[in-house]
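Structure assessment
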Amino acid sequence: MGLRYVVVLMSGDWTVMYFKGIRLMQALVKANETFDDFRAREEKKEQEYVKQQQASVATGTSSSSHVDTFSSTSNDQQAPDPDVERAKEMILDAALAFVQSHGWSKQAIAKGAETVNYPSVSHGLFPRGGIELVHHFYKQCNLKLIDYLKQETADLERVPNPSEFARKAIEYRLRLLEPYLKYWPQALGLMALPPNAPHSLANVLTLVDDICYYAGDRSVDPSSAHKPPLIH
Amino acid sequence: MLPLRRTSLLIHRLPLARFSSNARENVNQSATQHDSDTHFGFQTVKESDKWKKVHKVFEEVAASYDLMNDAMSMGIHRVWKDIFMERLSPVGNGIRLLDMAGGTGDIAFRYMKYLQKQTAPDRKPSHVTVCDINQNMLDVGQQRWEKLNLPTAGDTIEWVCADAEKLPFEDSSFSVYTIAFGIRNCTHIDKVLSEAHRVLKPGGRFMCLEFSHVNNEYLKWVYDQYSFQVIPPMGQILANQWQPYQYLVESIRKFPQQNEFKTMIQNAGFKCVEYENLTFGVVAIHSGFKL
């Protein structure tokens, strides 16, 4: 009843808005009922996609037959080459060991490349330099966190205390930074630079979203986004 | 005496004339079987002749090569080469660079200077091999190196005269292959690329700095006017050579476009091939990895 009156007062044309108001309320009610269904549908889609990716990697021929590598405008519409991706992962993983001595820089990447028997000039695979190492590390930490959260919520129907859960998750995530604390301010600075900020922001939001999700918040509605800023 | 000499000259000349018109000379045909036409600037020449003509061009310009580079590009070629070296960033140990068509040594010297700026005391020494098909260019390069007198802290430099299409080096013996302003002079670019792929180690980088095609129509017009109306006369005045510089500006037009060249590099087996235009496409840096 109340919504109808509000809508009428806001416009002038009370006949049209009266009926539109009813429709809007019905749509909202319907939407609330299917939020959980929507989430379930999305999760199923994600699992199917992962299975499909694994199947194509197993057959090995589908994506590597059209090895079209990255264009210079970085509008990368072709499938990334698995050999190249593997090499890049190897180099970045090895480079993390040198962050404590060289910081988040192309020197660290070059040293990492040398330890996996690639010439040090293959740091050129990462033209933006140290920030690529930072993003790689951040992604790795996020994945470790997800594994931890999955473990913690494995036997639980519902998380008993979401804010305590979030606190523990954040603590775990922060402790992953311990070996790199000395140069972490440099990483934060690199992430804040304008060319890198969008990707860094995406990483942070993914992290926050994951924590919220495992803590039990299943809403898709952005108006209930009060929790993520609190985690920030 | 004289009549004999004249007839001997005639004897030498006639066979050549006969071979060119005689289709049943299969023995000689097999040697020239693949001798199709190619471009030498805007002229059409036989493939077997192209390298000779290019060789002559560079013999003539070797002495004034650097002066002409400065004059024609108004010094910007130094910036291009500095950017090129910065893109490569040879940090690390034991890097072996092959600078093909390295001639007068601009890239090799920048590489050595970059290495000297590395502060790590336990750095393993790196090496550069400057390779060129033309000995005159290498001689000029060696003189410049001696004049430069750079302290090298264990890094070594070597000067080799060889053809880019048939390199006298072993497989997987270099970590970087660079070719700056040289590949458009080669007769078979695909052979050069496959040789580059052969001599590079896995993970090694191929980098090419070359004149390319300007993407903006109006700038292209300005660039064309400058190339054809200013550069050959400048060559005549400064170096007393018109033809080599006419060839130079024509050969730039004949070189494939950025994307086409990128495809050629990919076809040679390189991955992560990218290009970067400098000065609106006047020059482009192409880079690929052997992975």
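Residues numbered from 1 in each chain as written. Chains lettered and ligands numbered in written order. Predicted model: local features only at pLDDT ≥ 70, side-chain atom pairs only at ≥ 80, totals over all residues. Heavy atoms only, no water.

**What about the UniProt feature "domain: Ubiquinone biosynthesis protein COQ9 HTH" (unreviewed entry) in chain A?**
Those residues carrying the UniProt feature "domain: Ubiquinone biosynthesis protein COQ9 HTH" (unreviewed entry) are residues 88-114 of chain A in this numbering. Helix makes up 78% of residues 88-114 of chain A and strand 0%, with an end-to-end C-alpha separation of 13 Å. (UniProt positions renumbered as here; feature names shortened; annotations may be inferred. Helix = DSSP H or I, 4+ residues; strand = E, 2+ residues; numbered from the N terminus.)

**Details of the interface of chain A and chain B**
Counting residues at the interface gives 21 residues for chain A and 24 residues for chain B. Across the chain A to chain B interface the summed buried area is about 1,900 Å²; carbon plus sulfur atoms make up 59%. At the boundary of chain A and chain B, one finds 3 salt bridges. At the junction of chain A with chain B, the criterion picks out 5 residue pairs in polar contact (both at pLDDT 80 or more). For the side of chain A that touches chain B, the elements supplying multiple residues, two or more each, are α3 (82-95) and α5 (106-115) of chain A. Of all the elements, α5 of chain A adds the most residues to the side of chain A that touches chain B, at 4 residues. In terms of residue class, the side of chain A that touches chain B is built from 9 nonpolar, 8 polar and 4 charged. (Contact = heavy atoms within 4.5 Å. Buried area = accessible area lost by both parts, 1.4 Å probe. Salt bridge = Lys/Arg side-chain N within 4 Å of Asp/Glu carboxyl O. Polar contact = N/O pair within 3.5 Å; in protein donor to acceptor, adjacent residues only side chain to side chain. Nonpolar A, V, L, I, M, F, W, Y, C, P; charged D, E, K, R; others polar.)

**Overview of the nonpolar core**
All names here are of chain B. Y111, L209, F211 and V283 are the most contacted members of the largest nonpolar core, which has 53 residues in total. Ranked by the residues each element gives to this core, the list is headed by helix α6 (residues 106-116), at 7 residues. Apart from the residues within four sequence positions on either side, L209 is in contact with W80, K81, F84, I179, A180, F181, L278, V283, A284 and I285. (Core = buried A, V, L, I, M, F, W, Y, C linked by side-chain atoms within 4.5 Å. Buried < 20%, exposed > 50% of the residue type's maximum accessible area, 1.4 Å probe, protein only.)

**Let's talk about the pattern of salt bridges**
Going through the model one piece at a time under the given rule, you end up with 27 salt bridges over all chains. Across the pair D81 of chain A and K271 of chain B runs a salt bridge whose closest N-O atoms are separated by 3.3 Å. Taken together, the positions of D81 of chain A in the loop between α2 (14-59) and α3 and K271 of chain B in strand β8 (residues 271-278) put the pair across two chains. Exposure remark for K271 of chain B: the relative accessible area of 13% places this residue in the buried category. One salt bridge in this structure joins R110 of chain B and D82 of chain B, with 2.7 Å as the shortest N-O distance. On the criterion of sequence distance, the pair formed by R110 of chain B in helix α6 and D82 of chain B in helix α5 (residues 76-88) is long-range, its members being 28 residues apart. Accessibility expressed as a relative area gives 16% for R110 of chain B, which makes it buried. Given the relative accessible area of 42%, D82 of chain B is considered partly exposed. Each of the salt bridges in this network shares a partner with another, and the network as a whole consists of D66, K81, D82, D106, R110 and R144 of chain B.

**A word on the sheet that holds strand β3 (residues 96-100) of chain B**
Residue and element names in this part refer to chain B. One open sheet accounts for 7 strands, arranged β5-β4-β3-β6-β7-β9-β8; its pairing is mixed. Strands at the two margins of the open sheet, each flanked by one partner only, are β5 (156-161) and β8. Averaged over neighbouring strand pairs, the angle between their axes works out to 15° when direction is ignored. Where helix α7 (residues 135-148) meets the sheet, its contacts fall on β4 (127-132) and β5, and the angle it forms with β5 comes to roughly 160°. (Pairing = 2+ DSSP bridges. Axes fitted to C-alpha atoms, helices over the stretch in contact; angles between N-to-C directions.)

**Section: the pairing of strand β2 (residues 43-46) of chain B**
Residue and element names in this part refer to chain B. Across 4 bridges, the pairing between strand β1 (residues 37-40) and β2 is antiparallel. Across the sheet, residue H39 finds its bridge partner in β2, namely T44. Hairpin geometry of β1 and β2 is characterised by an intervening segment of 2 residues between the two adjacent antiparallel strands and by a positive phi of about 65° at G41.

**Observations concerning a nonpolar patch on the surface**
A grouping of L67, I237 and L238 of chain B is seen on the molecular surface, where their side chains present a nonpolar patch of about 310 Å² in accessible area. Counting through the fold element by element, L238 of chain B comes out in helix α9 (residues 217-239). (Patch = residues over 30% accessible without salt bridge, like charges linked within 9 Å, V, L, I, M, F, W, Y side chains within 5 Å. Areas by Shrake-Rupley, 256 points an atom, 1.4 Å probe, with all protein chains shown as cover.)

**Quick notes on the packing of aromatic side chains**
Evaluated as defined, the whole model comprises 19 aromatic pairs over all chains. Arranged with centres 6.2 Å apart and planes meeting at 55°, the rings of F58 of chain B and Y65 of chain B form a pair that is tilted. Taking relative accessible area as the criterion, F58 of chain B reaches 14% and is therefore assigned buried. What makes Y65 of chain B buried here is its relative accessible area of 16%. Ring geometry for W80 of chain B and F181 of chain B: centres 6.3 Å apart, planes at 55°, overall tilted. Linking W80 of chain B in helix α5 with F181 of chain B in the loop between β6 (174-180) and α8 (189-199), this pair joins segments that are 101 residues apart in sequence. Following the ring pairs from residue to residue traces out a cluster consisting of W104, F137, Y180 and W184 of chain A. We note R173 of chain A situated over the ring of Y138 of chain A; from NZ or CZ to the ring centre the distance is 4.7 Å. The ring of Y114 of chain B has K117 of chain B lying over it, and the distance from NZ or CZ to the ring centre is 5.4 Å. (Phe/Tyr/Trp six-rings, centres within 6.5 Å; stacked < 30°, edge-to-face > 60°. Lys NZ or Arg CZ within 6 Å of the ring centre and 35° of its normal.)

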